[in-house]
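Residue-level structural notes
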Amino acid sequence: MAAREPAVRFEGVSKRFPGVQALRDVTLEIAAGSCHALCGENGAGKSTLGRVLAGIHEPDGGRLFVEGREVRFRGPRDSLAAGVAMVHQELAACANLSVAENLCLHDLPSRRGVVRRGEMRRRAEALLAETGTQLDVSRPLGALPIAAQQMVQIAAAIGSGARIIVFDEPTSSLSEIEVEHLYALIGRLRARGITCVYVSHRMAEVFALCDTVSVLRDGRHVGTRPAGALTEDDIVTMMVGHAVTGFDRGIAERVPGEELLRADGLCAPGALHGVSLSLHAGEIVGVAGLVGAGRSEAAQALFGITHCTSGTMTMHGGAIHLHDAREAIALGIGMVPEDRKRQGLVLGGSAVHNLSLPILPRLSRLTWIDRARERKLAGEYLARLRVRPGAAESAVAGLSGGTQQKVVLARWLAAHSEILLLDEPTRGVDVAAKAEIHAIIAELAEQGRAVLLISSELPELLALCDRVMVLREGRVVGDLPRRELSQDALLRLMTGLPERRSTTPAFTPAHDLPVRS
């Protein structure tokens, strides 16, 4: 019997962007019906390779074969016609249109030129049901949380009828519960013979879902192996070029210092219902919760973005009233937002200019910016986060998602913010960079900064936090000290399940968070 034709074959594919060689002569095959992982550090070329397959980028050289036929895509419409769809890490949808309109945009049900909105809603609800998601499909997509928008994007890819789906960091903004739904969904897709190309930094996902792993480094194909023949250390070593060791802060509890920031009874319509919290010097406070629990809204209220109808805030014991982010920055509060493109970056500006935005008065003399000093300062902090020197002067819109995230974090390091609000700070970064960010967060706490850490990754909260506050439906339902932390305890509070009685120690350190040796 003849061997089955691979679903995808890249043959000597190269791609260059201004100042960056993203792909260098990449050759690899993806078996039909498989779940094939693409792994690598930020900027290694994973997403670029996926976008070549999805018709977003045209390669400068090489050949692409889909189901045995050579293709040359001029755009996403061509790739979709060939049976290829993509779920993007950075949301690629029309925020001003409704959920239903986004889901049916490629094939709007109509009669005599008039859209049949009832049929459109039914189709949209059926597509969302297949992903295990329930939403009001008449709501504007941009009004939904990032995680809900991601599930809509996944549903749209499935509804396109594609036989090959590229998932680019699909769980980067999903909670543990939504991740489980996605796992089950990919299992159903594979049972139907659909090929999944899975771009991810998360090792647990790679081993749970994928049967084959290809690793890229600096735009080159390092190797392709069966997932069962690899360990996490093997993959990370292939990604970074040398062995790494694990990050473990240990079980010792830090003694918090003075109270820097306090909020009492914060209320925002439809988001927060009497939220109270405190942040102390030298303390990392985690925030856990499902999508829509109010995690991001709580951080935005502390940064002056979400305006509360009631509640009070104090800093160093004195009352403060924040009307916008400018006032928060002036008080020494910095924020890494969940949606870096809409709230964290000026996409047309360089990495240097984005980093210096909050500290321009420090870099100016008689209203003139000292550009040499700006470049020097930016270079120091970008180098600390291992951002390639060539990326500093590049427009951030052209940088990888992980590099963009590093630029946002470097900004607040340079600003010496006393209080840091970090909303999914490691979203979309590779394993080595994630561990370096974890080490920096721990270092900031040791320096006496107060850190509020929002994360959908419970191991991240367990590894870093002195205590974790749990939100559910806009209310605080738990505030657990480090000695009482466990994934089970957090999940039960997040979902409203009753507490499980146990005589075993609650906290187990996470050992899957690598750093450079």
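Right, let's walk through the structure included here. Everything quoted here is computed from the prediction, not taken from an experiment. (Residues numbered from 1 in each chain as written. Predicted model: local features only at pLDDT ≥ 70, side-chain atom pairs only at ≥ 80, totals over all residues. Heavy atoms only, no water.)

**Focus: the sheet that holds strand β1 (residues 8–17)**
- Ordered by their spatial adjacency, 4 strands build an open sheet running β2-β1-β4-β5, and the pairing between neighbours is antiparallel. Sheet topology places β2 (20–30) and β5 (69–71) at the edges, where each strand pairs with a single neighbour. Across the sheet, the axes of successive neighbouring strands diverge by a mean angle of 30°, strand direction being ignored.
- Each of β1, β2 and β4 (61–66) is contacted by helix α1 (residues 46–53), which is oriented at about 115° to β1, the strand it contacts most. (Pairing = 2+ DSSP bridges. Helix = DSSP H or I, 4+ residues; strand = E, 2+ residues; numbered from the N terminus. Axes fitted to C-alpha atoms, helices over the stretch in contact; angles between N-to-C directions. Contact = heavy atoms within 4.5 Å.)

**What to know about the side chain of glutamine 405**
- Examined against the element boundaries, glutamine 405 turns out to sit in helix α14 (residues 401–414).
- Looking at glutamine 405, the relative accessible area reads 1%, which means it is buried.
- Separated by 3.1 Å, the side chain of glutamine 405 and the backbone oxygen of proline 425 make a polar contact.
- Setting aside residues no more than four positions away along its own chain, glutamine 405 makes contact with Val336, Arg340, Glu424, Pro425, Thr426, Arg427 and Val429. (Buried < 20%, exposed > 50% of the residue type's maximum accessible area, 1.4 Å probe, protein only. Polar contact = N/O pair within 3.5 Å; in protein donor to acceptor, adjacent residues only side chain to side chain.)

**Details of unusual backbone geometry**
- Located in the positive-phi region is glutamate 169, a residue other than glycine, with phi close to 50°.
- Here glutamate 169 shows up in the loop between β9 (164–168) and α6 (176–191).
- Classification of glutamate 169 by relative accessible area gives buried; the value is 4%.

**Here's the deal with the nonpolar core**
- Judged by nonpolar contacts, the single largest core of 82 residues is most densely connected at Leu279, Leu302, Leu382, Ile419, Leu421 and Leu490.
- With 7 residues, the single largest contributor to this core is α14.
- Residues in contact with leucine 279, not counting those within four places in the same chain, are Glu258, Glu259, Leu260, Leu261, Val285, Ile419, Leu421, Ala450, Val451 and Leu452.
- Counting 37 residues, the second largest nonpolar core, distinct from the first, contains Ala147, Ala157, Ala162 and Leu189. (Core = buried A, V, L, I, M, F, W, Y, C linked by side-chain atoms within 4.5 Å.)

**A word on the side chain of arginine 411**
- By secondary structure assignment, the location of arginine 411 is in helix α14.
- Buried and without a salt bridge, arginine 411 has glutamate 374 as its closest oppositely charged side chain, separated by 10 Å.
- Within polar-contact distance, the side chain of arginine 411 engages the backbone oxygen of asparagine 354 at 2.9 Å.
- If we ignore the near neighbours within four places in the chain, the residues touching arginine 411 are Gly344, Leu345, Asn354, Leu355, Leu357 and Pro358. (Lys, Arg positive; Asp, Glu negative; His and termini not counted. Salt bridge = Lys/Arg side-chain N within 4 Å of Asp/Glu carboxyl O.)

**Notes on the environment of serine 310**
- With respect to the secondary-structure elements, serine 310 resides in strand β17 (residues 310–315).
- Using a relative accessible area of 34% as the deciding quantity, one classes serine 310 as partly exposed.
- Along the sequence, serine 310 and leucine 230 sit 80 residues apart, while their C-alpha atoms lie 54 Å from each other.
- With residues up to four places along the chain from it excluded, the contact list for serine 310 reads Gly265, Leu266 and Cys267.

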